[in-house]
Amino acid sequence: MIDDSIFGLQKRNDINQIRQDSNEKPNQFVLTSANGDINGDGVADDTFLIGSKTSSSPLVQDITLIIQDGKTGSLTNVALKTNIGYNPTLYLVDFNNDGIDDILIGIASGGSGGMMYYYIYSYQDNTIKLIFDYNIFNRFFQYGVTYKDYYRVEVDDRTKRLLFMIDISFKGYPYLNEIYSSKGILKEPIEGFVNPLSGLYPIDFDSDGTYELLAYQRVAGRYNADSLGYIQTVLKWNKDRFVMTDQYLAVLGTEY
């Protein structure tokens, strides 16, 4: 998964040099960059996302993380497991409470469900370590979405054994008439679903310099565009992993 090959040993601080190196492959560009101490030696390091794209499409392929050591100038290449998508982003903040910035990478899938790909890497002491993988998150949290009588939808976090209830009476007569009788009884069983991760936001809830994560997953009803609300999961680093501290279900307000 990780390629630790060093691209250069001499110190190179000029972003144009990194851009020139990345352009050794056709249509490969520096997509975004960030600066901060990510190895803990007290010297700010440069991080880059590079990738291949064409002028005819915003799709980016072969997305790769490049780290330039601020002290030595050496470059480290980290290959992403999912390396294709749109609008890649890069943020440096401390998630694991070691006082050193970690690397948060986000990539939009471009699909109608709004799914995002996220990775978080630690680089303490020049050792790359994957500490968050969107695929593991999506597999870990399992949900059930079940329509109930009287214009309600039950959302069950089966992993954490939490139950939420959504009042869908705001959906209006045409929508409700298709699935409910005049007395509010379901005409037939209906199951919805929860989409994979669609947002992951670093927030320092405790104002202590260590950031937590706020994860968003959209709750859908009979079809993907039938949005019912969002599961919001707060994740905090605990010893050697992220753990859930809180979970909410948010719904949009309606005008009256």
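Since the model is a prediction, treat every value here as computed from it, not as a measurement. (Residues numbered from 1 in each chain as written. Predicted model: local features only at pLDDT ≥ 70, side-chain atom pairs only at ≥ 80, totals over all residues. Heavy atoms only, no water.)

Moving on: the environment of Leu197. Mapped onto the secondary structure, Leu197 falls in strand β12 (residues 191-203). Remark: the alpha-carbon pair of Leu197 and Tyr134, spanning 63 residues in sequence, is separated by 7.1 Å. When near neighbours in sequence (up to four residues on either side) are disregarded, Leu197 contacts Gly114, Met115, Met116, Tyr118, Phe132, Tyr134, Phe137, Asn138, Ala215, Tyr216 and Gln217. (Helix = DSSP H or I, 4+ residues; strand = E, 2+ residues; numbered from the N terminus. Contact = heavy atoms within 4.5 Å.)

Turning to the environment of Val93, a few remarks are in order. Its location among the elements puts Val93 in strand β5 (residues 86-93). The buried category is assigned to Val93, whose relative accessible area is 15%. For the pair Val93 and Ile103, spaced ten residues apart in sequence, the C-alpha separation works out to 6.8 Å. Each residue touching Val93, except ones within four places of it in the same chain, is listed here: Asp101, Asp102, Pro202 and Tyr211. (Buried < 20%, exposed > 50% of the residue type's maximum accessible area, 1.4 Å probe, protein only.)

Time to look at the packing of aromatic side chains. Counted according to the given criterion, the structure contains twelve aromatic pairs. Summarising the aromatic geometry, the rings of Phe140 and Phe141 are spaced 5.0 Å apart at their centres and angled 85° between planes, so their arrangement reads as edge-to-face. Here the aromatic cluster, defined as three or more aromatic residues joined through ring pairs, consists of Phe95, Phe132, Phe137, Phe140, Phe141, Trp237 and Phe242. Lying over the aromatic face of Phe29, Lys53 brings its terminal NZ or CZ to 5.9 Å of the ring centre. (Phe/Tyr/Trp six-rings, centres within 6.5 Å; stacked < 30°, edge-to-face > 60°. Lys NZ or Arg CZ within 6 Å of the ring centre and 35° of its normal.)

Phe132 and Tyr147 are the most contacted members of the largest nonpolar core, which totals 56 residues. Sort the elements by how many residues they give to this core and strand β7 (residues 116-122) lands first, with six residues. Contact partners of Phe132, with chain neighbours within four places excluded, come to Tyr118, Tyr119, Ile120, Phe137, Leu197, Leu200, Leu213, Leu235 and Phe242. One finds Val30, Phe48, Ile50 and Leu75 within the second-largest nonpolar core, a separate group that totals five residues. (Core = buried A, V, L, I, M, F, W, Y, C linked by side-chain atoms within 4.5 Å.)

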